[in-house]
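Coordinate analysis (summary)
Okay, here's what each chain looks like letter by letter:
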Amino acid sequence: MSGSPVPVLLTGRLKLRGVEASDFDRLVAHWSHPETIRFIGGAARPPDQVWARNVLGSRGLWPLLGYGYWLAEDRKTGDYVGEVGFADFHRNTEPAFWGVPECGWVISPDRFGQGYASEAVGAIHDWLDAELSVPKSVCIIDKDNHASIRIAEKFGYKQNGTVRMNGEDICFFERTRRS
């Protein structure tokens with residue numbers, strides 16, 4: 001799996017591509033928006049963390065794991081829509097779920113409720129099932145993030161209890177690979 005380039009995925013409205021250094025400013029703006037972070041820690045991500053996690057980390061996952069994160073942009077305008085992908089962040093959770101692709105998505109608040117998350121999450125799961133022979137993927141979602149829970153369930157995730165992270169219980173979902 002190592003050495004994998006970031007594949008470009010196209011949907012009806014979206015282009016999913018690798019994160020570039022030139023995306024930094026819009027990622028900083030995105031990760032400081034109150035609606036972006038509402039269910040993801042609740043605190044704005046400082047620019048150095050955006051650089052480390054969202055720019056360097058997104059690109060670094062691919063050569064190490066053979067999967068990672070994509071930046072989602074509008075195919076017609078090039079406008080930022082969000083980030084979506086798979087990672088193994090080696091999170092400090094109890095129980096741990098290291099070694100399993102963890103799906104995540106975050107859509108720009110100005111695109112909420114327009115089906116972009118479903119479009120992007122569907123595309124990356126089609127890619128995962130076609131390209132990797134992993135038996136399952138997981139995701140963690142705040143219990144109050146009903147929109148994300150609906151999206152997870154739409155793509156076959158089923159809640160399998162909770163994990164403890166940063167002193168809180170977070171809903172833990174698993175999805176079995178489609179044959």
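Look up: the structure comes first, before these words.
In this report, the structure presented in the accompanying data block is examined. Just so we're clear, the structure is a prediction, and the values are computed from it rather than from any experiment. Residue numbers run consecutively from 1 along every chain, following the written order of its sequence. Residues qualify for local features only when their pLDDT is at least 70, as the model is predicted, and side-chain atom pairs are given and counted only at 80 or more; totals for whole chains, interfaces and linings, by contrast, use all residues. Side-chain numbers come from the whole structure's heavy atoms, not from hydrogens or water.

Looking now at the overall build of the protein chain. Comment: elements are numbered from the N terminus, with helices defined as DSSP H or I runs of at least four residues and strands as E runs of at least two. Assigned secondary structure in the protein chain consists of five helices and nine strands. Sequence-ordered secondary structure for the protein chain, helices as α and strands as β, is β-β-α-α-α-β-β-β-β-α-β-α-β-β. Here the radius of gyration uses the C-alpha set of atoms, whereas the globule reference equals 2.2 Å times the residue count to the power 0.38. For 179 residues, the compact-globule estimate of 2.2 N^0.38 gives 16 Å, and the C-alpha radius of gyration of the protein chain, at 15 Å, lies within 12% of that figure. Type-normalised accessible area, obtained with a 1.4 Å probe on protein chains alone, sets the label of each residue: buried when under 20%, exposed when over 50%, and partly exposed for intermediate values. Looking at the protein chain as a whole, 49% of its 179 residues are labelled buried. Two residues form a contact once any of their heavy atoms are found within 4.5 Å. Summarising the internal contacts of the protein chain: among those between residues at least 6 apart in sequence, 62% fall at separations of at least 24. In short, Shrake-Rupley with a 1.4 Å probe defines the accessible areas, and a residue's cover is counted only from the protein chains shown. Element-wise, carbon and sulfur atoms account for 52% of the exposed surface of the protein chain, whose accessible area totals about 9000 Å². Distance between charge centres in the protein chain, computed from 21 positive and 23 negative side chains, equals 4 Å. The sign given to each residue is positive for Lys and Arg and negative for Asp and Glu; His and the chain ends receive no count. A charge is said to be at NZ when it belongs to Lys, at CZ for Arg, at CG for Asp and at CD for Glu.

This brings us to the pattern of salt bridges. Think of a salt bridge as a Lys or Arg side-chain nitrogen and an Asp or Glu carboxyl oxygen that are within 4 Å of each other. Considering all chains together, one arrives at 13 salt bridges under this definition. With a shortest N-O distance of 2.8 Å, aspartate 23 and arginine 17 are connected by a salt bridge. The exposure classification of aspartate 23 matches that of arginine 17, with both residues buried. Among the ionic pairs, aspartate 144 bridges to lysine 143, the shortest N-O distance being 3.3 Å. Look at aspartate 144 and you get partly exposed, because its relative accessible area is 41%. Each of Arg17, Asp23, Arg26 and Glu73 takes part in one network of salt bridges that share partners.

Let's shift gears to the side chain of threonine 93. Within the secondary structure, threonine 93 sits in strand β5 (residues 93-94). Judged by relative accessible area, which is 7%, threonine 93 ranks as buried. Those residues in contact with threonine 93, other than ones at most four positions away along the chain, are Val163, Arg164 and Met165.

With an omega of -5 degrees, the peptide bond running from glutamate 94 to proline 95 counts as cis. The backbone phi angle of histidine 90 is positive, close to 50 degrees, even though this residue is not glycine. If you trace the backbone, histidine 90 turns up in the loop between β4 (80-87) and β5. Even without glycine at this site, asparagine 166 takes up a positive phi of about 50 degrees. Exposure remark for asparagine 166: the relative accessible area of 70% places this residue in the exposed category.

This paragraph deals with helix α4 (residues 116-131). Multiply 1.5 Å by the residue count of a helix minus one, and that product is the helix's expected span. Here α4 spans 22 Å end to end across 16 residues, near enough to the 22 Å set by a 1.5 Å rise per residue. In terms of burial, α4 is a largely internal element, 13 of the 16 residues being buried.

Centres within 6.5 Å are what make two rings of Phe, Tyr or Trp a pair, Trp counting through its six-membered ring; a difference in plane orientation under 30 degrees is then read as stacked, over 60 as edge-to-face, and the rest as tilted. This structure, assessed with the given rule, holds six aromatic pairs. Seen from their ring centres, tryptophan 70 and tryptophan 127 are 5.3 Å apart, and the 85 degrees between their planes marks the pair as edge-to-face. One end of the pair, tryptophan 70, is in strand β3 (residues 69-74); the other, tryptophan 127, is in helix α4, with 57 residues separating them in the sequence. Since its relative accessible area comes to 11%, tryptophan 127 is described here as buried. Members of the aromatic cluster, joined through ring pairs, are Trp62, Trp70 and Trp127. In this scheme, the term charge over a ring applies when either NZ of a lysine or CZ of an arginine sits within 6 Å of the ring centre and within 35 degrees of the ring normal. The ring of tryptophan 31 has arginine 45 lying over it, and the distance from NZ or CZ to the ring centre is 3.8 Å.

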